[in-house]
Structures are given as structure tokens and as C-alpha cells.
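Letter by letter, the chains look like this.
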Amino acid sequence: MNTLLIILKIFPLVLAAVQAVEQAIPLPGQGNKKLELVLDVLKSAYDGSTDLAKQFSWDKLVAVVVPMIAKIVDLHNALGLFQKSAQPNNA
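About the thresholds
- Residues numbered from 1 in each chain as written.
- Predicted model: local features only at pLDDT ≥ 70, side-chain atom pairs only at ≥ 80, totals over all residues.
- Heavy atoms only, no water.
- Axes fitted to C-alpha atoms, helices over the stretch in contact; angles between N-to-C directions.
- Helix = DSSP H or I, 4+ residues; strand = E, 2+ residues; numbered from the N terminus.
- Parallel < 35°, antiparallel > 145°, perpendicular 65-115°, else oblique.
- Left-handed = near helix turned anticlockwise from the far one by under 90°.
- Contact = heavy atoms within 4.5 Å.
- Nonpolar A, V, L, I, M, F, W, Y, C, P; charged D, E, K, R; others polar.
- pLDDT = per-residue confidence, 0-100.
- Expected span 1.5 Å × (residues − 1).
- Buried < 20%, exposed > 50% of the residue type's maximum accessible area, 1.4 Å probe, protein only.
- Arc of directions from axis to C-beta.
- Core = buried A, V, L, I, M, F, W, Y, C linked by side-chain atoms within 4.5 Å.

Asks: Got a minute to help me understand the packing of helix H1 (residues 2-24) against helix H4 (residues 58-79) in this structure?
Replies: Where H1 meets H4, the axes come as close as 10 Å, and the angle between the chain directions of the two elements is 50°. Here H4 runs oblique to H1, going by the angle between their axes. You can see that H1 and H4 cross each other, and the crossing is right-handed. Each of Thr3, Ile7, Ile10, Phe11, Val14, Leu15, Val18 and Gln19 in H1 lies in contact with H4, whose residues at this interface are Lys60, Leu61, Val64, Val65, Met68, Ile69, Ile72, Val73 and His76. Partitioned by chemical class, the residues of the contact of H1 with H4 number 13 nonpolar, three polar and one charged.

Structure, rendered in C-alpha cells:
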């Protein structure tokens, strides 16, 4: 039950981080770099939180958060919430 509560507590933070990165870097095809940035931010927060570190290892947190991020991105893309920047015309 503790794990579920932690996941529910971090979900809004992960959602906000994903949305902020997408808004700041609305470039298509940069998903891996955006994911790395979100994970770097989360790692900084994790390192500063002794409470979270007591209950989750970093690897376990990543194993939970990465699929969460993928689902958030998939839903935002499916709903058209992430703006796609125009691709340069190479004609």
C-alpha cells in the first residue's frame, strides 16, 4: 500500500515535469532527450529526498516512472495536447 501511495503522490509531479519539458522543447523526434531531462530532474529531487530514498531505490523508481511517462506522452499525443512544431521543408 505504501508503494501505491508514493506513486500517487509523485504522479502529479511527473505529469508536470513531462508537460514542462514538452512546452520548453516542442521539437519532434527528441523523445529520448526529453526523457533524459525529466529523469535528470527527478534524480535531483530523489537525491534531495531522504524520505523517498528510504522507500524506493533509484532503479525501482525509474522502473515505475518510465512507463508512467510513456503513458502520459502517449495520451497527450493521442489527444493532440502536445503541439507539433513544423518540420522544415527540405525540397
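From this point on, the discussion continues.
Asks: Sorry, what's going on with the confidence of the model for the protein chain here?
Replies: Detailed reading of the predicted coordinates is not advisable wherever pLDDT falls low. Confidence along the protein chain averages 85 in pLDDT terms, with 89% of residues attaining 70 or more. Helix H2 (residues 31-47) holds the highest mean pLDDT among the elements of the protein chain, 93, whereas helix H3 (residues 50-55) holds the lowest, 81.

Asks: What am I meant to see in the side chain of lysine 34 here?
Replies: Its place among the elements puts lysine 34 in helix H2. Sequence-distant contacts of lysine 34, defined by excluding residues within four places in its chain, comprise Val21, Glu22, Ile25, Pro26 and Leu27.

Asks: Any chance you could explain H2 here in plain terms?
Replies: A turn of α-helix holds 3.6 residues, and therefore any two residues three or four places apart point the same way. For H2, with 17 residues, the first-to-last C-alpha span of 24 Å sits near the 24 Å given by 1.5 Å per residue. Among the residues of H2, those classed as buried are Lys34, Val38, Leu39, Leu42 and Tyr46. Looking straight down H2, one finds that the buried residues subtend no more than 130° of arc, so they occupy a single side. In H2, those exposed residues whose orientation departs by more than 90 degrees from the buried face are Lys33, Glu36, Asp40 and Ser44. Packing partners of the buried residues in H2 comprise H1, H3 and H4.

Asks: Where do I start with the nonpolar core in this structure?
Replies: The nonpolar side chains of a soluble globular protein tend to be buried, and buried together. In this structure, Val14, Val18, Val38, Leu61, Val65 and Ile69 are the most contacted members of the largest nonpolar core, which totals 18 residues. Mapped by element, the contributors of at least two residues to this core are H1, H2 and H4. Sorting elements by how many residues they give to this core places H1 first, with six residues. Setting aside chain neighbours within four positions, we find valine 65 in contact with Ile10, Val14, Leu39 and Leu42.

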